[in-house]
Amino acid sequence: MAMRLQLSAGLEVLEEWSATASQAERNIVYEALFAIGDGSAFLIYDVFGDPQQIHNFAILVKADLMIKVCIHRGESFEICHIGVLDDETALPDTPARPAEVDVDSEDL
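What you see is a predicted model; the values in this text were computed from it and never measured.

Draft legend 1. Geometry of the overall build of the protein. Looking only at helices and strands, one finds three helices and five strands in the protein. In sequence order, the protein lays out its α and β elements as β-α-α-α-β-β-β-β. Scored against the burial criterion, the 108 residues of the protein give a buried share of 34%. A fraction of 45% describes how many contacts in the protein between residues 6 or more apart in sequence connect residues 24 or more apart.

In structure tokens:
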């Protein structure tokens, strides 16, 4: 079952960001916002949850560009932030990967 979300808030964040963004960046963000709305963003983009606020997600839409959204009751979403990755807008911590196992080929 596909999740359909409606943009309910945060247009001012989008307008403020788009005032200084290039057309290519705006196109990438608009495409990602449509993907968030139709539920496919979680399949297309790298999505990071926020352990402190379980309804907030950071979507990495380009190597240095992300959108932070808040999902409300599985019905709508709000744009919280759009911008480049830097020290102030880092992605939420992700769970640590298990340590790699060093297997000697003679052990197999």
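Draft legend 2. Fine view of the sheet that holds strand E5 (residues 76-84). With respect to topology, five strands assemble into an open sheet ordered E1-E5-E4-E3-E2, the strand pairing being mixed. With partners counted over all chains shown, the strands left at the sheet margins are strand E1 (6-9) and strand E2 (46-49), one partner each. Neighbour to neighbour, the strand axes of the sheet diverge by 35° on average, direction disregarded. As judged from the six bridges shared by strand E3 (residues 56-62) and strand E4 (residues 65-72), these two strands associate in the antiparallel manner. Within E4, the residue paired with Asn56 across the bridge is Cys70. Running over the sheet, helix H1 (residues 11-18) touches E1, E4 and E5 and is turned about 20° from E5.

Draft legend 3. Seen up close, the confidence of the model for the protein. Scored by pLDDT, the protein comes out at a mean of 78, with 77% of its residues at no less than 70. Considering only residues more than four positions removed or in separate chains, one finds that residues 94-105, a stretch of pLDDT under 50, has two contacts.

Calculation criteria
- Residues numbered from 1 in each chain as written.
- Predicted model: local features only at pLDDT ≥ 70, side-chain atom pairs only at ≥ 80, totals over all residues.
- Heavy atoms only, no water.
- Helix = DSSP H or I, 4+ residues; strand = E, 2+ residues; numbered from the N terminus.
- Buried < 20%, exposed > 50% of the residue type's maximum accessible area, 1.4 Å probe, protein only.
- Contact = heavy atoms within 4.5 Å.
- Pairing = 2+ DSSP bridges.
- Axes fitted to C-alpha atoms, helices over the stretch in contact; angles between N-to-C directions.
- pLDDT = per-residue confidence, 0-100.

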